[in-house]
Every structure is written in structure tokens, then in C-alpha cells.
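Given next are the chains, with one letter for each unit.
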Amino acid sequence: MREIKELLQDKHFINKIEKLKKMYPEKRSALLSALHLCQSEVGFIPEEFQEFIAKELSLSPAHIKGVVTFYEMFYEKKKGKYIIQVCRTLPCMLCGGEVLLDHISNKLGIKVGETSNDGKFSLVTVECLACCDKGPSMMINETLYTAVTPDNFDSILKELK
Ligand code: FES
């Protein structure tokens, strides 16, 4: 992951933002793509980027903050190397999701919304991951896991370095 100051001075990155602005009839429509781009480079969306993109898209900083905080997939603070996203929607919770979430929390010693002291794991909950018939479901970064039991989770954890 990169530092935001470095990113905002990178001509290649700024060109990508310029291209995004031209892709839409109104430049403000580039906001979600720009936020994804920032998060993929930095790991989260710092205030500096929010201010930068507000100016670029002629939007208010409050508007940007509203969007960043509305969507669960955007983070305002640095997360761990592995972001564990456990589905908290009813079907998953009814088939073991609650037990799984407690297990993960106890195993890693962090609560939902926290990051482990070593910076390796962040635990968050999300709404339906579209695998309701195979719950409990979770994602670790970009990988989806279904029918996860506490034992399954322990095995998956061993594979993560
Ligand atoms: S309810 Fe968990 S994946 Fe849909």
C-alpha cells in the first residue's frame, strides 16, 4: 500500500483521475470509481483524498464524506492486511453466523470494527454476500467463503501469512 501524499503527487495516478472525469457526462459521476481507485492504492480513503477529490469533482467535502461513510466497502481508517467481512444478514445469522462471528472475535482478540495490534486482521460485518443458501458466508479481502464453521475458519486462518 502507498502513502496518500506520494499518491497525490504521482502523475500516473492523477492522469487516471482525469480519465475517470472524462468517462461520464458529469464529472461528479466519477466519484465512486475514484474512491475505489484510492482505496485500492492506499487501503482506505484518507481525509486528504476526500478533500482532493471534492475539488476535482466540484463537490463539497461533506458530500464526499457522506458517500464514504454510507458505503460499507469504503474505509476511512487504515485496515489490516486481511479484512474479514462476516455476513450479518438474517439467513447467515440463523445458520451459525453469530457463533462464527463470536469465534473469530475471540480467536483474534478483536471486536467488530477493530484491527489486531499487529495490523494483520480487521474484522467487519457486512450485509448479504449473495450466498444465503450456503451460509454462514464471509469474505477475506477478495475471496468468498461459504458454509464457514469455526473449525473451517481456524484452517483458513492458518493459511494466511
Ligand atoms: S444472508 Fe448471508 S450471504 Fe445472504
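Residues numbered from 1 in each chain as written. Predicted model: local features only at pLDDT ≥ 70, side-chain atom pairs only at ≥ 80, totals over all residues. Heavy atoms only, no water.

A. Examining the nonpolar core more closely. Judged by nonpolar contacts, the single largest core of 27 residues is most densely connected at Ile17, Leu31, Leu35, Ile45, Phe49, Ile53 and Ile64. If you list the elements that add at least two residues to this core, you get helix 1 (4-8), helix 2 (11-23), helix 3 (31-42), helix 4 (47-56) and helix 5 (61-70). For this core, the element with the highest residue contribution is helix 3, accounting for six residues. Look past the residues within four positions of Ile17 in its chain and what remains in contact with it is Ala34, Leu37, Phe49, Phe52, Ile53 and Glu56. With 17 residues, the next largest nonpolar core counts Ile84, Phe121, Met138 and Leu157 among its residues. (Core = buried A, V, L, I, M, F, W, Y, C linked by side-chain atoms within 4.5 Å. Buried < 20%, exposed > 50% of the residue type's maximum accessible area, 1.4 Å probe, protein only. Helix = DSSP H or I, 4+ residues; strand = E, 2+ residues; numbered from the N terminus. Contact = heavy atoms within 4.5 Å.)

B. Region of the structure containing the pairing of strand 1 (residues 82-87). Within strand 1, six of the six residues are buried, which leaves it mostly tucked inside the rest of the structure. As paired elements, strand 1 and strand 2 (residues 121-126) share six bridges and run parallel to each other. In the strand pairing of strand 2, Ile84 is matched with Leu123. Regarding topology, helix 6 (residues 90-108) serves as the crossover connection from strand 1 to the parallel strand 2, and that connection is right-handed. Bridge count between strand 1 and strand 3 (residues 138-140): three bridges; the pairing is antiparallel. Bridge pairing in strand 3 places Gln85 opposite Met139. (Pairing = 2+ DSSP bridges. Right-handed = clockwise from strand over helix to strand, strands pointing away.)

C. Representation of the domain arrangement of the chain. Taken domain by domain, the chain comprises domain 1 (4-70) and domain 2 (82-159). A separation of 29 Å is found between the C-alpha centroids of domain 1 and domain 2. (Domains from an automatic or database assignment.)

D. How the structure looks around the packing of aromatic side chains. All chains considered together, the criterion is met by five aromatic pairs. Here Tyr82 and Phe121 contribute two aromatic rings whose centre-to-centre distance is 5.7 Å and whose plane-to-plane angle is 25°, an arrangement assigned as stacked. Taken as a pair, Tyr82 in strand 1 and Phe121 in strand 2 lie far apart in primary sequence, 39 residues in all. For Tyr82, a relative accessible area of 12% gives the class buried. Overall, Phe121 belongs to the buried group, its relative accessible area being 8%. Aromatic ring contacts, followed pair by pair, group Phe13, Phe49 and Phe52 into a single cluster. (Phe/Tyr/Trp six-rings, centres within 6.5 Å; stacked < 30°, edge-to-face > 60°.)

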